[in-house]
Amino acid sequence: MNHEPEQELELTSALVPLFVITNGRSLPPDNAYERTTLVSALEGASASARTLSPEARQVLELVAEGFLSVAEVSAHTHLPLGIVRILLAQMEEGGLIIARKPVPRAERVDREVLNAVLDGLKARFGA
């Protein structure tokens, strides 16, 4: 017979399945909330925070003071990126946050055009 004291099982949020956090919702389209998409809370959103899940409330508190990227929200909350994307989609549908798409990478500029502009400036102002 084993007389070792039984270890108490600690129930933590790590044991909560991720689909419970998101109410079983699926991921939004990949382009909806890219890692660099910036999110911020709308004015008055904190009044509705008491109806949110603890995870969504934490996200809302993070973005209440300004814009954070989706990747930053994921890092601060220690939640997987997919879960954060689902929570953000729910909050945007509820009118609690605004999402701003990342600025697209600049297109490569034609070097000939730049040389022509430079030549024109040199001719105009001398160099």
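Here, every reference points to the structure presented above.
Quick look at the structure, then. (Residues numbered from 1 in each chain as written. Predicted model: local features only at pLDDT ≥ 70, side-chain atom pairs only at ≥ 80, totals over all residues. Heavy atoms only, no water.)

## Observations regarding the sheet that holds strand S3 (residues 97-100)
Thought 1: Sheet architecture is open: 3 strands sit in the order S2-S1-S3, paired in antiparallel fashion. Single-partner strands in this sheet number two, and they are strand S2 (68-69) and S3.
Thought 2: The sheet contact formed by strand S1 (residues 38-41) and S3 spans 4 bridges and is antiparallel. If you follow Ala41 over to S3, its bridge partner there is Ile97. (Pairing = 2+ DSSP bridges. Helix = DSSP H or I, 4+ residues; strand = E, 2+ residues; numbered from the N terminus.)

## As for the packing of helix H3 (residues 70-77) against helix H4 (residues 81-93)
Thought 1: In contact at an axis separation of 9 Å, H3 and H4 are set at 110 degrees when each is read in the N-to-C sense. As summarised for this structure, H3 and H4 are arranged roughly perpendicular, according to the angle between their axes. Here H3 runs over H4; the crossing is right-handed. Together, Val70, Ala71, Val73, Ser74 and Thr77 of H3 and Leu81, Val84, Arg85 and Leu88 of H4 make up the contact between the two elements.
Thought 2: The residue makeup of the contact of H3 with H4, split by class, is 6 nonpolar, 2 polar and 1 charged. (Axes fitted to C-alpha atoms, helices over the stretch in contact; angles between N-to-C directions. Parallel < 35°, antiparallel > 145°, perpendicular 65-115°, else oblique. Left-handed = near helix turned anticlockwise from the far one by under 90°. Contact = heavy atoms within 4.5 Å. Nonpolar A, V, L, I, M, F, W, Y, C, P; charged D, E, K, R; others polar.)

## Looking at the side chain of Thr77
Thought 1: Topologically, Thr77 is positioned in helix H3.
Thought 2: Accessibility expressed as a relative area gives 8% for Thr77, which makes it buried.
Thought 3: Leaving out residues up to four positions away in the same chain, Thr77 has contacts with Gln58, Val59, Leu62 and Val84. (Buried < 20%, exposed > 50% of the residue type's maximum accessible area, 1.4 Å probe, protein only.)

## As for helix H2 (residues 54-62)
Thought 1: Among all positions of H2, only Glu55, Ala56, Val59 and Leu60 are buried. Taken end-on, H2 shows its buried residues confined to a sector of 140 degrees, consistent with a single buried face. Residues of H2 that are exposed and point more than 90 degrees away from the buried face comprise Pro54 and Glu61. (Arc of directions from axis to C-beta.)

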